[in-house]
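Structure assessment
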Amino acid sequence: MRKIFYSIGYFLLLMFFADLGLQFYLKNDLVNKSLLTIHTIETILNDRKIDNAYSDISTIERISNREFEQFLPLGQISSTNIIHCGENGYISKYKSNSYGFNSKFKDTSITLIGDSYVEGACVNYKDTLAGNIENKTKYKVNNLGISGSSSIYQFAILKEYLENNSKIILIFIEKNDLVELKTEISHPILYKYISLDDFSQNLKEKQKQIDLMLKEFHEKKLNGSINFEYSFKTKVKRYIISNKLLYSLTLPVLRHLIKDIKNYSRKDATKNINTNKTNFENFETAVIKINNLVKERNGELTVVYLPAIQRLLGLTNQFDNIFENVENILIKNNINYFDLKKTIISHPDPKSLYSIHYNKYKFNNNVTLGHFNEDGYGFISDAIIKLLD
């Protein structure tokens, strides 16, 4: 019996070191990667046969790259085709306006601000929140949403691009907006926006410089993605992923499995970084700045709170207490707000509003709910329209 245990131990130890060697060779997590997917690459290259095409550049990519430390573009490349994402069975695209946003209008009575849910991931323009509002009402919408942004980055956008006399709808995402504040406040330029009253990059006057900078960054990313996708290492990676036994034994998958099991526990889930006191303090600072700016420009701010669907469905306790803290901040500072919780749970099948991904490494129900699908954006837009009326 002892020999059997020794044999099992030696085997597991061998697997451990073999996997470490594999990770060192691949130098890439087998589950996540920030490079462009093969479908996005192919879409960009195909579209370029007819017209210009570039991928969406997220806030996270800008903040994490040193080349954006001295000058930080806040929108996308202007007046071009932006390839966004593909959660709903196709690659969504949009034509950016002259400031690089997914918007047909700039000087309007309604302004939307938020992250990828506002930018319109992963649907085409007519199915975005802005597109739905325009199609269902007489309103024209200035959509200033940018993927991965949170309140500090959004304040910077509004300071540069907000027009006078506009109703502002800020979509707060329970799932990740607080966590992203920790990264945003550490960026030298975003910190200046939040700490210096008179700071501005005067971005409206620098669109040519913005486009040149983002195009150069994009081409490096595109070329790096192409080299990666067609490399021998990627072929090895795909072989491992296609082999269920090999894939299930890799360290990244095991780490995700352990993390999911811990998050499934109510005790561990409450320790999520979202509940960090500093994150709430940063949010309060940013939302006060936003509210004051909106008032200065004769506007009116409403914060729309989008709860995590995982919490509403009882799949996790990870986001508990966030709404209570955010609500207290908004009430304390006399800021209008609306919670979408009742709206979402009133739907007969809330899950059907979201894109669904099946992940073999996930412990909890084997499913990840992504952004809204076309029905989801349409359903939520109806609630926002009621606020506007």
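That block above? That's the structure.
Here the focus is the packing of aromatic side chains. In total, this model carries 10 aromatic pairs according to the counting rule given. Each ring, one from tyrosine 193 and one from phenylalanine 199, has its centre 4.9 Å from the other, and the planes form 85 degrees; the classification is edge-to-face. When sorted by exposure, tyrosine 193 lands in the same class as phenylalanine 199, which is buried. The structure contains a cluster of three or more aromatic residues connected by ring pairs, namely Tyr117, Tyr354, Phe372 and Tyr377.

A word on the pattern of salt bridges. Applying the stated criterion to the full structure yields 10 salt bridges. Here aspartate 127 makes a salt bridge to lysine 126, at a shortest N to O gap of 3.1 Å. For lysine 126, a relative accessible area of 56% corresponds to the exposed category.

A separate point is the nonpolar core. Grouped burial of nonpolar side chains is what soluble globular proteins tend to show. Leu74, Ile157, Tyr161, Tyr193 and Phe283 are the most contacted members of the largest nonpolar core, which totals 53 residues. Counting residues per element, the ones that place at least two in this core are α6 (151–161), β6 (167–173), α7 (177–184), α8 (188–195), α9 (207–229), α14 (277–296), β7 (300–306) and α16 (322–332). Leaving out residues up to four positions away in the same chain, leucine 74 has contacts with Arg62, Phe101, Ile146, Tyr153, Ala156, Ile157, Glu160, Tyr161, Tyr193 and Leu203. Core analysis: the next-biggest nonpolar cluster, separate from the first, contains 32 residues, Ala121, Leu340, Leu353 and Leu369 among them.

This next bit is on the pairing of β6. With six of its seven residues buried, β6 lies for the most part within the structure. Both β6 and β7 contribute to a ladder of seven bridges, which runs parallel. For isoleucine 173, the partnering residue across the bridge sits in β7 and is leucine 306.

Judged by pairing direction, the sheet is parallel, and its five strands sit side by side in the order β5-β4-β6-β7-β8 without closing on themselves. Two strands lie at the open edges of the sheet, namely β5 (141–143) and β8 (336–339), each paired on one side alone. Between one strand axis and the next, the sheet turns by 20 degrees as a mean value, whatever way the strands run. The strands touched by helix α5 (residues 129–136) within the sheet are β4 (110–113) and β5, with β5 carrying the most contacts at an inclination of about 175 degrees.

Further remarks concern the side chain of glutamate 61. Here glutamate 61 shows up in helix α3 (residues 59–63). Classification of glutamate 61 as buried rests on a relative accessible area of 14%. Of the polar contacts made by the side chain of glutamate 61, one reaches the backbone nitrogen of serine 58; its length is 2.9 Å. Excluding residues within four positions of it along the chain, glutamate 61 makes contact with Asp56, Phe68, Phe217 and Lys221.

Basis of the calculations
Residues numbered from 1 in each chain as written. Predicted model: local features only at pLDDT ≥ 70, side-chain atom pairs only at ≥ 80, totals over all residues. Heavy atoms only, no water. Phe/Tyr/Trp six-rings, centres within 6.5 Å; stacked < 30°, edge-to-face > 60°. Buried < 20%, exposed > 50% of the residue type's maximum accessible area, 1.4 Å probe, protein only. Salt bridge = Lys/Arg side-chain N within 4 Å of Asp/Glu carboxyl O. Core = buried A, V, L, I, M, F, W, Y, C linked by side-chain atoms within 4.5 Å. Helix = DSSP H or I, 4+ residues; strand = E, 2+ residues; numbered from the N terminus. Contact = heavy atoms within 4.5 Å. Pairing = 2+ DSSP bridges. Axes fitted to C-alpha atoms, helices over the stretch in contact; angles between N-to-C directions. Polar contact = N/O pair within 3.5 Å; in protein donor to acceptor, adjacent residues only side chain to side chain.

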